[in-house]
Structure formats: structure tokens, C-alpha cells
Amino acid sequence: MQNVIKLHKGLDIHLKGRSKEVKSEMVKSRIYAIVPDDFVGVVPKMVVRESDRVKAGDALFINKQYEEVTFSSPISGVIKEIVRGDRRKILYIKIEADQEQEFLDFGKKDVCQLSSQEVIEIILAAGLFGYINQLPYAVSTNPRTLPKAIFVSAFRDMPLANRFEFELQGNEDAFQTGLTALSKIAKTYLNRHINQTSEVLTKAQDVELTTFDGPCPSGNVGIQINHISPVNKGDLVWTVDPTVVIFIGRLLLTGQLDLTRTLAIAGSEVRNPVYIDALVGTPLSDLLQNQLMHIDHIRIINGNPLTGRKCNLNDYVGAHTSEICVIPEGDNENELFGWISPRVKQFSASRSYFSWLLGHKKEYVADARIKGGERHMIMSGEYDKVLPMDIYGEYLIKAIITGDIDKQEQLGIYEISPEDFALAEFVDSSKLELQRIVRNGLDILRKENA
């Protein structure tokens, strides 16, 4: 019998514009770009130059700290431009795509015959290893220290999130092959939601299956790890996005690197919210062509509204992006009576608005306004209501702000990632940027422990 973990804390936010389960034709673009900043903790070092020709699967850059970890081109073509920022930081690498695509051949593999080291070497050679993250620190991992376990969360429950079961259709064999490959490295946990019925998830092989039941953020892999096998000081676990599992499976089955992922194009400012297949690095201008209801006063998000990155049409599909969302910016709103208006059409986690009378299942149009300025931190138990982890969230945030590393370790900083605090940031009446605070705290702790 499968283990079911019931979570009670959390909050489901229903926004208008969720993608219909219809897949649009795959977008083919002339220019693609890889953004090194998508791989947290990686200091990139280029191995190609402008005007170099590459195949799909050829290395573009490496991790300066762990030079065996490479990051590959999703397409074949010519390196059009290497764009740098302050202090020559690499912002992105533009590639002009060939008409006929060429793939580097890594050779088809029988995953059942591979050893742990062979799996790691194949993933490294194809430039996929950097897509695997780790706890502690919530950064791209390295192959020099093996984890005690690997965790895959097979469901997403953030607002407007991509439904993985739909993405899984047609990729079942690749997903199972990827799971088997990961299980060769370390004990692998596959976590699904109780409402998911796909046989690939309910009868997955070579993994330990855990079922979760509860509201957002139960889909966060950090939340799941906290309830299955908490991370203590000295522990190391890997976390793998379910789409990356598919990437690994395709690599082993075909011998080629295929970074095609199914994206949800969603949000109240999108004309026709649907799913679409696109390569990592596809320009957002191509994905959103004829899809925007307005050009001005909108917020384009590379990711979901709570954890995604603010961007514009000149940006590109991120390495870990599963949805592109477009919502109102809200900078042109002029409300009668301001904050004191009853607001029956806007969502509130508390009873500040009259909309609470309509219940939380109603769909709302949310804009990007903060609705208030940053204030002193209020120790009110707000975070605890939406953070289903066995930690004292508010005290941990205080310890990070004050730089008290000993207290941070005592309060569980090793088992958190910024996205775990996304809902807490949403409900926070102090208006603190909790995800940024957590990211800064993890970065400082990582340097201290280096």
C-alpha cells in the first residue's frame, strides 16, 4: 500500500487564465539563447566563441568550479553573440539555428545494464548534469559527492502551473527510463498528488512512491523532503524536475539531447491559454505572438506568478521554466477609496476583502501590485499557516536578516529553498521579499562552509 502524507497547511490560489489541455503547434525560432543565470550557483566559463558552429548537444560553457559539468546547446547552428554585462558577466549566449538540425550522437543505452558511474558520465557528457539541483543551498549540484537520496516531485500546484500529467502524455517511456537511471545513482523517491491517476506515476518502477494530499505548496520538492527524509547538516540530496527526468530518458533511448519541454502559456492577459512544445531558450516574443490581449501595463513572468522571474518579450524560455504567465501589472489602476474599498473581485488570504465570502475556489484576476510598502517584521504566525514544514519560518527569516548563522542552522536553513517561502511572501503583511532574503542567506552560508 502506498504511503499517503496529508498536509493541512497551505493555500490554493485560483487565478483566471489557466491553460486549456490543448497543445498548440511547436514553435520554431531563428534565434535561441541559453541564460547561465538559470543555473543557480554556477559560475560559467565559455568553451565556444562567436561564429563557432555547434551541434545540438555540444558544450557552450562549463561550471568554473566543477569543470566536468558542461551546459549544452539545445540546437545546431552558429554562435551569434555572447552577451556580457557588468564585469564581463555572461548574460546569455545567442545561437542562430540551422534549417536542418544536427545532433551529437551519444549512443543509445540500455539503462538496465548501466552502472551508477556510467549513468553519471552519460549525463555529464550530454550537458544535463547542471539541470540537477541539490539541498542544502538549493543550487545546481556537482558529481563529486553522491547524495543520500534523489527526489522527484511529479506535480506542480503553484498558481497557473503546468499540469505535469498532460506534459507526460507521449513521454511515458522516457520518464520511466529517466527514473530507472536516477535510481542507479541513489535511492530515488517519486512523489505524486493523490488526484493523479496516470499509470506511469501510480505504478512507477525502481523508485519509492509517496503520495501527497493537500493544498499548495505540497508540490514543492523541499516540502516533500521535509516530510520524508529531512536534510540535516552534512546531508546531501538531489532534486530533479520531472521534465529533466524526461530529458535524461530521451537521451538514453535515442542517444540525442532533446531539450523540448511542454510549456503552459497562461494568465488573464493571454488570449488563448494553451500548452505548447518549445525548446529551452526559445524567444518569448515567438511564443506570445498574437497571444497578448494588451501590450502595455502587463507583467510577463518566466515561470509562475509566485516564483517566476519578471521579464519582457526579449527574454527566453528558462532552463527550469514550465509555464509562461502574463498578468496585469496594475500600475494603471485607480481605485475609489483606495485600500478601504470592499474589493469583492480581488483575492485575499485573510478577511481583509469582502471576497472571502465567495470562498477560495472562485477564480480571480490578480495583478502585480504589492498593495503596501515594506514594514517592520510582524511576528504573527502568518508564515506558519501556509508553510507545511517542521520549522519556525518567522524566526528563521529573522536569523537570516540578522546574519546569525548558528541560529540559522538550528532553525533548519539546510532544508529550505526560496520557493518554499513563496506563499509566505504572498500572505506576508510586512511585505518582505522572503524569497530574496532566503536566497541571500543560502548564498552566504554556502560561502562560509566552502
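These remarks concern the structure in this document.

Conventions adopted
- Residues numbered from 1 in each chain as written.
- Predicted model: local features only at pLDDT ≥ 70, side-chain atom pairs only at ≥ 80, totals over all residues.
- Heavy atoms only, no water.
- Helix = DSSP H or I, 4+ residues; strand = E, 2+ residues; numbered from the N terminus.
- Disulfide = S-S within 2.5 Å.
- Buried < 20%, exposed > 50% of the residue type's maximum accessible area, 1.4 Å probe, protein only.
- Patch = residues over 30% accessible without salt bridge, like charges linked within 9 Å, V, L, I, M, F, W, Y side chains within 5 Å.
- Areas by Shrake-Rupley, 256 points an atom, 1.4 Å probe, with all protein chains shown as cover.
- Salt bridge = Lys/Arg side-chain N within 4 Å of Asp/Glu carboxyl O.
- Pairing = 2+ DSSP bridges.
- Phe/Tyr/Trp six-rings, centres within 6.5 Å; stacked < 30°, edge-to-face > 60°.
- Axes fitted to C-alpha atoms, helices over the stretch in contact; angles between N-to-C directions.
- Parallel < 35°, antiparallel > 145°, perpendicular 65-115°, else oblique.
- Left-handed = near helix turned anticlockwise from the far one by under 90°.
- Contact = heavy atoms within 4.5 Å.
- Nonpolar A, V, L, I, M, F, W, Y, C, P; charged D, E, K, R; others polar.
- Core = buried A, V, L, I, M, F, W, Y, C linked by side-chain atoms within 4.5 Å.
- Polar contact = N/O pair within 3.5 Å; in protein donor to acceptor, adjacent residues only side chain to side chain.
- 1 Å grid on protein atoms, 1.4 Å probe; cavity = no way out; pocket = protein on both sides within 12 Å on 5 of 7 lines; lining within 4 Å.
- Points joined across faces, edges and corners; volume = space filled by probe spheres on them.
- Expected span 1.5 Å × (residues − 1).

1. Digging into the environment of Y353
Position of Y353 among the secondary structure elements: in the loop between β20 (323-328) and α8 (382-386). As for Y353 and R343, which are separated by ten residues in sequence, their C-alpha atoms are 5.5 Å apart.

2. What to know about the state of the cysteines
This structure, assessed with the given rule, holds zero disulfides. The cysteine C311 is free of any disulfide, with C325 supplying the nearest cysteine sulfur at 9.9 Å. What makes C311 buried here is its relative accessible area of 12%.

3. Side note on a nonpolar patch on the surface
On the surface, a cluster of nonpolar side chains totalling about 370 Å² of accessible area is made up of M379, Y392 and Y395. Y395 sits in the partly exposed class, given a relative accessible area of 49%.

4. Focus on the sheet that holds strand β5 (residues 53-54)
With antiparallel pairing, the four strands of this open sheet are ordered in space as β3-β9-β8-β5. Where the open sheet ends on each side, the last strands, each with one partner, are β3 (31-34) and β5. The sheet contact formed by β3 and strand β9 (residues 90-97) spans four bridges and is antiparallel. When the sheet's bridge partners are listed, Y32 is paired in β9 with I95.

5. What about the packing of aromatic side chains?
The tally for this structure, following the rule as stated, stands at twelve aromatic pairs. Relative to Y275, the ring of F166 has its centre 4.6 Å away and its plane inclined at 45°; by these criteria the two rings are tilted. In this pair, F166 is assigned in helix α2 (residues 164-168) and Y275 in strand β17 (residues 274-279), connecting sequence segments 109 residues apart. Judged by relative accessible area, F166 falls into the buried class, the value being 8%. Through a chain of ring-to-ring contacts, the aromatic side chains of F39, F61, F71, Y131 and F247 assemble into a single cluster.

6. Regarding the pairing of strand β6 (residues 59-63)
Burial of β6 is extensive: four of the five residues sit out of reach of the surface. Where strand β4 (residues 44-46) and β6 come together, three bridges link them in antiparallel fashion. Across the sheet, K45 pairs through a bridge with I62, a residue of β6. Direction of pairing for β6 relative to strand β7 (residues 70-72): antiparallel, over a ladder of three bridges. Directly across from I62, in β7, lies its bridge partner T70. Where β6 hands over to β7, the hairpin turn is made up of six residues, counted between the paired strands.

7. Description of the packing of helix α9 (residues 393-402) against helix α12 (residues 434-449)
Across the interface, α9 lies against α12 with an axial gap of 9 Å and an inter-helix angle of 60°. The orientation of α9 relative to α12 falls into the category oblique. For the crossing formed where α9 meets α12, the hand is left-handed. Residues I397, I400 and I401 of α9 lie in contact with α12, whose contacting residues are L434, I437, V438 and G441. Looking at side-chain class alone, the contact of α9 with α12 contains six nonpolar, one polar and no charged residues.

8. Looking at the nonpolar core
As a rule of thumb, nonpolar side chains are buried together in soluble globular proteins. Counting 64 residues, the largest nonpolar core has L128, F175 and L190 as its most contacted members. Top contributing element to this core by residue count: helix α6 (residues 242-254), with seven residues. In this structure, V221, L396, L411 and L442 belong to the second largest nonpolar core, which totals 54 residues.

9. Remarks on the pattern of salt bridges
Within the structure shown, the criterion is met by 26 salt bridges. D277 serves as the salt-bridge partner of K23, at 3.6 Å between the closest nitrogen and oxygen. Here the residue K23 occupies a position in strand β2 (residues 23-24), and D277 occupies one in strand β17, the gap between them amounting to 254 residues. For K23, a relative accessible area of 37% puts it in the partly exposed group. Each of the salt bridges in this network shares a partner with another, and the network as a whole consists of R156, E167, D241 and R261.

10. A look at the side chain of D98
Among the secondary structure elements, D98 is positioned in the loop between β9 and α1 (116-125). Overall, the relative accessible area of 18% leaves D98 in the buried class. In this view, D98 contacts R53, S76 and G77; residues no more than four positions away in its chain are not counted.

11. Observations regarding the side chain of D367
Relative to the elements of secondary structure, D367 occurs in the loop between β20 and α8. At 2.8 Å, the side chain of D367 forms a polar contact with the side chain of R369. Ignoring any residue separated from it by four or fewer positions in sequence, one finds D367 in contact with I327, P328, E329, G330 and E333.

12. Here's the deal with the layout of surface pockets
In this structure, the second largest pocket occupies an estimated 560 Å³ of space. Tallied by class, residues from the lining of the second largest pocket come to ten nonpolar, six polar and seven charged.

13. Let's talk about helix α3 (residues 172-185)
Taking 1.5 Å per residue, 14 residues should reach 20 Å; α3 reaches 21 Å between its end C-alpha atoms and fits that length. Of all the 14 residues making up α3, ten are buried; the element is thus mostly covered by neighbouring parts of the structure. Residues of α3 that are buried include every one of A174, F175, Q176, T177, G178, L179, T180, A181, L182 and I185, and no others.

14. Some details on the sheet that holds strand β13 (residues 188-193)
Where strands meet in a sheet, backbone hydrogen bonds hold them as pairs that are either parallel or antiparallel. If you trace the seven strands from one edge of the open sheet to the other, you get β1-β14-β13-β12-β15-β10-β11, paired in mixed fashion. At either margin of the open sheet sits one strand with a lone partner, and together these are β1 (3-6) and β11 (139-140). With three bridges joining them, strand β10 (residues 133-135) and strand β15 (residues 237-239) adopt antiparallel strand pairing. Looking at the pairing, Q134 lines up with W238 of β15.

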